[in-house]
Amino acid sequence: MKNTSPDTEGNIFRKKGFFIALYSCLGAVAILALVITVANFGQNGFQADNYEEDAAPVGAEQVQPYLSQVDEEAWFRPRATPEPTTTPVPTPQPSPQPPSVLPTPEPPAPATEPTPTPEPAAEAEPPPPPPPVEAFVPFGEDDQLLWPIYGDIAMPFSMNALIYDPTLDQFRTNDNLRIYAEEGAHVQASAAGRVMAIGRNVVRGNYVKIDHGNGLMAYYGQLADNKLVSQGDIVRAGQLIGTVGTPSIFGTMHGYHVNLRVTRNDEPVNPYELLAAR
């Protein structure tokens, strides 16, 4: 058990008395401040003059003349409420309209003349008929062929017996007549007829095929490449149809010559038997 001395207890009481006195003073100060605040609020409407300390004291001789000039009733008149200042709103001005464009007057329509009634067209005359195609007299039974070119026989016609061909270096049959000629010599049609074809092959070289009528057809070969007639032309007997040219590879050993092959109804015919005597 803890012993307490009289001095100790005295110190405790002294400390408690100090705090009690301190709190009592603080309470008194708070109450005094509250009273002063309430008193000021009742007199001035709780509006403190922040500049009271800086204001100079005013004597009675200064207050009395001022109060004599003040209208006491003015303190109790209600203040007039100031009318609000209204800023005038600018009236919007209409935007300027573009000057009206007058429509361009349309030019007066030209006076239309009455359309004349077309007269009925006269019937067109039919075109003249084309000139008749020149015909040729077909080769007859008693007719004879002209020699296409005059010269010696280079290789005779032979379908029944074998003859020697120097170009091929062999014996064979031959369905045409080969006539020696000079390069560039003129070659004529053996009879009247129609040009059926113009061509070239390895046997006859450049050739002209002519239909002489009645199934008689003649091939004029080994010609130069200068076409003097065209397909469809009508030729007369003795007409120039070409010139002698370089022989083909199947006739090189004969030199320059004309290859004359004649058929009747597509069967080979011996031209020598139809050629006129020289």
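This one's a predicted model, so the numbers in the text were calculated from it and none came from an experiment.

Student: Any details on unusual backbone geometry? Residues and values, ideally.
Tutor: A positive phi is found at asparagine 214, a non-glycine position, where the angle reads about 55°. With respect to the helices and strands, the residue asparagine 214 is situated in the loop between strand S7 (205–213) and strand S8 (216–223). With a phi angle near 65°, glutamine 222 is a residue other than glycine that sits in the positive phi range.

Student: An account of the nonpolar core is requested, with residue identities and associated values reported.
Tutor: Counting residues in each nonpolar core, the largest one holds 27 residues, and the members touching the most others are Leu145, Ile210, Ile241 and Val262. Elements with a minimum of two residues in this core: strand S4 (177–180), S7, S8 and strand S11 (257–264). Per element, the largest residue contribution to this core is four residues, and it comes from S8. With residues up to four places along the chain from it excluded, the contact list for isoleucine 210 reads Ala189, Gly193, Arg194, Val195, Met196, Leu216, Met217, Ala218, Tyr220, Val235 and Ile241.

Student: For a nonpolar patch on the surface, give the residues involved together with the corresponding values.
Tutor: On the surface, Phe18, Phe19, Leu22, Tyr23 and Leu26 cluster together to form a nonpolar patch covering roughly 550 Å² of accessible area. Among the structural elements, phenylalanine 18 can be located in helix H1 (residues 6–44).

Student: Describe the pattern of salt bridges, and please don't skip the residues or the numbers.
Tutor: Per the stated rule, a full pass over the model turns up three salt bridges. One salt bridge connects arginine 172 with aspartate 165, and the closest N-O pair in it is separated by 2.8 Å. Taking the relative accessible area as the measure of exposure, arginine 172 reaches 19% and is therefore buried. The partner of arginine 261 in a salt bridge is aspartate 175, and the shortest N-O contact between them spans 2.9 Å. You can see arginine 261 sitting in strand S11 and its partner aspartate 175 sitting in the loop between strand S3 (170–174) and S4, a full 86 residues away along the chain.

Student: Which residues make up the pairing of strand S2 (residues 158–165), and what values go with them?
Tutor: Sheet topology places S2 next to S3; four bridges connect them, and they run antiparallel. Counted as the bridge partner of aspartate 165 is glutamine 170 from S3.

Student: Explain the side chain of serine 158 to me, using residue names and the numbers behind them.
Tutor: Here serine 158 is to be found in strand S2. Within the local environment of serine 158, its side chain forms a polar contact with the backbone oxygen of alanine 161, the two atoms lying 2.6 Å apart. The contacts of serine 158, once residues within four sequence positions are left out, are Ile163, Thr173 and Asn174.

Thresholds applied
Note on numbering: residues in each chain are counted from 1, in written sequence order. Whole-chain, interface and lining totals are the exception, using all residues; otherwise, since this is a predicted model, local features are given only for residues with pLDDT of at least 70 and side-chain atom pairs are given and counted only at 80 or more. Heavy atoms from the whole structure form the basis of all side-chain values; hydrogens and water molecules are not counted. In this text, helices come from DSSP runs of H or I with a minimum length of four residues, and strands from runs of E with a minimum of two, each type numbered from the N-terminal end. The nonpolar core is taken to be a set of buried Ala, Val, Leu, Ile, Met, Phe, Trp, Tyr and Cys residues, with the residues joined through side-chain atoms within 4.5 Å. To sort residues, take the accessible area from a 1.4 Å probe on protein chains only and compare it with the maximum for the residue type: under 20% means buried, over 50% means exposed, and anything in between is partly exposed. When checking whether two residues touch, look at their non-hydrogen atoms; a contact exists if any pair is within 4.5 Å. Nonpolar side chains (Val, Leu, Ile, Met, Phe, Trp, Tyr) within 5 Å and like charges within 9 Å form the patches, drawn only from residues with over 30% relative accessible area and no salt bridge. Each accessible area is a Shrake-Rupley estimate made with a 1.4 Å probe; only the visible protein chains count as cover when residues are assessed. We count a salt bridge whenever a side-chain nitrogen from Lys or Arg sits within 4 Å of a carboxyl oxygen from Asp or Glu. Strand pairing follows a simple DSSP-based rule, namely that at least 2 bridges must link the two strands. Under the rule applied, a polar contact is a pair of N or O atoms within 3.5 Å (in protein, one hydrogen donor and one hydrogen acceptor; residues adjacent in sequence only if both atoms are side-chain atoms).

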